[in-house]
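What follows is the residue order along each chain.
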Amino acid sequence: MRHRAVRDLMSRPAVCVAPGTGLKETARLMAGHDISAVPVVDEDDKPVGMVSEGDLVRAQAELPEPAELLPAGHARAGRRRTGATGRPGGGAAGASGERPGTAGALMSSPVVTGRPEWSLVEAARAMHGNGVKRLPVVGETGRVLGVISRADLMAVFLRRDDAIADEITDDVLRGALGLSATQISVTVSEGVVRVRGRIGAHDSPELLERLCRAVDGVVDVQLDLGGPEQAGTAA
């Protein structure tokens, strides 16, 4: 059996920004590539943080209302630009050392990364355990190769039932366990695998179930197995 790895589903090449990239340019890149976040990388293309749609919305929400920027008694006098009063682009540098209004000042850091050789289970566990929706995928040198998201992992659940059934029949039953189609039948509906038939005295139903569950796209396994067939009656 060949399980899809992170490298098979990640988006590549990764769309990245530098710490000094402005928020408007960051938003344009995300909109132009239809993505919800970008890694922030240093001069060696190593990730130092992430900026997401949520970060950009938060930055917008933290801006003062226009009326709050006007002197008392001039609420109708019109709008004026601000500098350090919360508007991105003014004020002192943030904790990252980058000026406000840049990806470096807004990014979430440190960044949780993944590896291209990881299984999809490993990637899902890393996202869940760290409360993140995506992982920059880095190579041996630490440079960003791509990005894998929760939406990418969902592609496993969209795998066709007939493809799942073919893999279980060919790779699990015949290849791994040496069972024939005359002994076992496999049907799959909405990712639920039903295995019916008879197995030998030395065959393990538990092993059969584990191998079936390990196939990409399987959501449940139901076994309906009889014991080994009798050798036959004596003449």
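Nothing here was measured: the structure is a model prediction, and the numbers come from that model.

Trainee: Mind showing me how you'd approach the packing of helix 7 (residues 161-176) against helix 8 (residues 205-213) here?
Mentor: For any two helices packed against each other, the geometry is given by the interaxial angle and the distance between the axes. For the pair helix 7 and helix 8, interaxial distance at closest approach is 10 Å and the crossing angle is 145°. At the point where helix 7 passes helix 8, the crossing takes the right-handed sense. Packed against helix 7, whose contacting residues are Ile168, Val172, Leu173 and Ala176, the element helix 8 presents Leu208, Leu211 and Cys212 at the interface. For the contact of helix 7 with helix 8, the per-class residue count stands at seven nonpolar, no polar and no charged.

Trainee: Looking at this structure, I do not really get the nonpolar core. What am I missing?
Mentor: Across soluble globular proteins, nonpolar side chains have a tendency to be buried as a group. Membership of the largest hydrophobic core comes to 18 residues, with the highest contact counts inside it found for Ile168, Val172, Leu173, Val186 and Val193. Residue assignment for this core shows that the elements contributing at least two residues are helix 7, strand 5 (184-189), strand 6 (192-198) and helix 8. By residue number, the principal contributor to this core is helix 7, which donates five residues.

Trainee: What is the right way to read helix 8 from this model?
Mentor: Structural remark: α-helix, 3.6 residues per turn; residues separated by three or four positions point the same way. Looking at helix 8, one finds that the buried residues are Leu208, Leu211 and Cys212. Down the axis of helix 8, the sector holding all buried residues measures 100°, keeping them to one side. Check the buried side of helix 8 and you find it contacts helix 7, strand 6 and strand 7 (220-226).

Here is what the cut-offs are and how they apply
- Residues numbered from 1 in each chain as written.
- Predicted model: local features only at pLDDT ≥ 70, side-chain atom pairs only at ≥ 80, totals over all residues.
- Heavy atoms only, no water.
- Axes fitted to C-alpha atoms, helices over the stretch in contact; angles between N-to-C directions.
- Helix = DSSP H or I, 4+ residues; strand = E, 2+ residues; numbered from the N terminus.
- Left-handed = near helix turned anticlockwise from the far one by under 90°.
- Contact = heavy atoms within 4.5 Å.
- Nonpolar A, V, L, I, M, F, W, Y, C, P; charged D, E, K, R; others polar.
- Core = buried A, V, L, I, M, F, W, Y, C linked by side-chain atoms within 4.5 Å.
- Buried < 20%, exposed > 50% of the residue type's maximum accessible area, 1.4 Å probe, protein only.
- Arc of directions from axis to C-beta.

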